[in-house]
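What the coordinates show
Here are the chains, one letter per residue:
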Amino acid sequence: MKAFELKQLIREEIYKTLNEVEPNVDPEAEKDAELGLKKALASLKSDINSIKPSPKDKELKEGLALTAGLIAGAPGLINALGKGVNFISSFFQKDGKKGTVVGNSLKKWGHQLEEAYLGIIGDILLKAFPSVYAGQSVTNKFSALYDMSHTIYASLLVAAAVSSGVGAMEAHSAIASGLEGGLSAFKASEVVGLAAKIGAA
């Protein structure tokens with residue numbers, strides 16, 4: 001094959017790649033995800049003052065394992081997250097969006113807004129469990145605060161997807177692949193279990 005023919009083939013492949021339409025992409029669903037996630041983020045920010053220290057905070061410091069189930073008992077936390085899910089899913093429901101397009105759009109916008117959400121969720125956890133997370137940063141990948149913030153964020157996104165007609169495990173798979181580093185370190189059962197509590201709030 002001549003050099004110029006090879007260049008032409010490479011150009012064609014690059015053009016195809018750049019103009020390839022992703023499967024199950026729906027611009028309206030993506031707009032719904034953007035608006036819903038931004039509104040839910042604003043709601044979480046405004047609810048941060050309603051979060052009180054958990055009665056379990058001292059017990060947890062003394063060695064009781066911190067699980068998503070115990071996180072769910074933090075006063076005000078589940079209600080704040082539940083409100084967020086309602087904001088997100090309301091946009092999809094209004095436009096009749098459900099299934100895979102919802103999961104894909106939440107994956108995309110969930111990744112784009114991940115840093116902002118983790119900052120707020122980290123602040124909420126520091127208020128709810130001041131003893132447990134004392135001196136920890138949500139940006140430290142080796143901290144328990146980092147792990148739990150990611151688990152809660154994934155659970156929020158999964159709950160929003162499930163509320164919009166996506167199967168729980170399907171939602172977890174789509175969303176986990178879009179978050180920073182994936183969610184390989186976090187148990188799917190824990191994320192889905194917490195998502196169910198958030199969705200029911």
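The rules behind these values
- Residues numbered from 1 in each chain as written.
- Predicted model: local features only at pLDDT ≥ 70, side-chain atom pairs only at ≥ 80, totals over all residues.
- Heavy atoms only, no water.
- Helix = DSSP H or I, 4+ residues; strand = E, 2+ residues; numbered from the N terminus.
- Buried < 20%, exposed > 50% of the residue type's maximum accessible area, 1.4 Å probe, protein only.
- Contact = heavy atoms within 4.5 Å.
- Polar contact = N/O pair within 3.5 Å; in protein donor to acceptor, adjacent residues only side chain to side chain.
- pLDDT = per-residue confidence, 0-100.
- Expected span 1.5 Å × (residues − 1).
- Core = buried A, V, L, I, M, F, W, Y, C linked by side-chain atoms within 4.5 Å.
- Axes fitted to C-alpha atoms, helices over the stretch in contact; angles between N-to-C directions.
- Parallel < 35°, antiparallel > 145°, perpendicular 65-115°, else oblique.
- Left-handed = near helix turned anticlockwise from the far one by under 90°.
- Nonpolar A, V, L, I, M, F, W, Y, C, P; charged D, E, K, R; others polar.
- Phe/Tyr/Trp six-rings, centres within 6.5 Å; stacked < 30°, edge-to-face > 60°.

Each helix and strand in the protein chain was counted, giving 10 helices and 0 strands. Starting at the N terminus, the α and β elements of the protein chain follow one another as α-α-α-α-α-α-α-α-α-α. Counting all 201 residues of the protein chain, 46% fall into the buried class. For the protein chain, the share of sequence-separated contacts (at least 6 apart) that also reach a separation of at least 24 residues comes to 76%.

All right, on to the side chain of Ser43 then. Along the chain, the position of Ser43 falls in helix α2 (residues 27-47). Note on Ser43: relative accessible area 7%, which makes it buried. Other than its neighbours up to four places away in sequence, Ser43 contacts Lys83 and Phe87.

A few words on the side chain of His150. With respect to the helices and strands, His150 occurs in helix α8 (residues 144-163). Polar side-chain contacts of His150 include one of 3.5 Å to the side chain of Glu114.

Moving on to the confidence of the model for the protein chain. Confidence in the prediction of the protein chain, expressed as mean pLDDT, is 77, and 71% of residues score 70 or more. Per-element mean pLDDT across the protein chain ranges from 45 in helix α1 (residues 3-18) up to 92 in helix α7 (residues 114-128).

Another aspect to go through is α2. Taking 1.5 Å per residue, 21 residues should reach 30 Å; α2 reaches 30 Å between its end C-alpha atoms and fits that length. Taken residue by residue, α2 has Ala29, Glu30, Asp32, Ala33, Glu34, Gly36, Leu37, Ala40, Leu41, Ser43, Leu44 and Asp47 as its buried positions. At its buried positions, α2 is contacted by α5 (77-94), α6 (100-112), α7 and α8.

On to the nonpolar core, then. Membership of the largest hydrophobic core comes to 50 residues, with the highest contact counts inside it found for Leu77, Leu106, Tyr117, Leu125, Phe129 and Ile152. Counting only elements with at least two residues in this core, the list comes to α2, α5, α6, α7, α8 and α10 (188-200). Discounting chain neighbours no more than four positions away, the residues touching Leu77 are Ile51, Ile71, Ile124, Leu125 and Ile152.

Our focus in this paragraph is α5. Given 3.6 residues per turn, any residue in an α-helix points the same way as the ones three and four places further on. Its 18 residues place the ends of α5 26 Å apart at the C-alpha level, agreeing with the 26 Å of an ideal helix rising 1.5 Å per residue. Those residues of α5 that fall on the buried side of the exposure criterion are Leu77, Ile78, Ala80, Leu81, Gly82, Gly84, Val85, Ile88, Ser89, Phe91 and Phe92. Note on α5: the residue one or two positions beyond its end, Gly96, has a positive phi of about 70 degrees.

We now examine the packing of α5 against α8. Pairs of packed helices are described in terms of their axes, by the angle between the two and the distance that separates them. In the contact formed by α5 and α8, the axes pass within 8 Å of each other and the chain directions differ by 40 degrees. Overall, the two elements α5 and α8 adopt an arrangement that is oblique. Pair α5 / α8 crosses with right-handed handedness. Within the contact between the two elements, α5 uses Leu77, Leu81, Gly84, Val85, Ile88, Ser89 and Gln93 and α8 uses Ile152, Leu156, Ala159, Ala160 and Ser163. Of the residues contributing to the contact of α5 with α8, the split by class is 8 nonpolar, 4 polar and no charged.

Enumeration according to the criterion identifies 2 aromatic pairs in this entry. Considering the side-chain rings of Tyr117 and Tyr153, the 4.9 Å spacing of their centres and the 25 degrees angle between planes classify their relative orientation as stacked. Remark: Tyr153 occurs in helix α8 and Tyr117 occurs in helix α7; sequence separation between them is 36 residues. For the residue pair Tyr117 and Tyr153, the accessibility class agrees, reading buried in each case.

Another point: the environment of Val101. For Val101, the position within the fold is in helix α6. Taking the relative accessible area as the measure of exposure, Val101 reaches 17% and is therefore buried.

Once that is clear, we can look at the environment of Asn79. Checked against the element boundaries, Asn79 lands in helix α5. Judged by relative accessible area, which is 53%, Asn79 ranks as exposed. Expressed as a C-alpha distance, the spacing of Asn79 and Lys197, which sit 118 residues apart in the sequence, is 9.7 Å.

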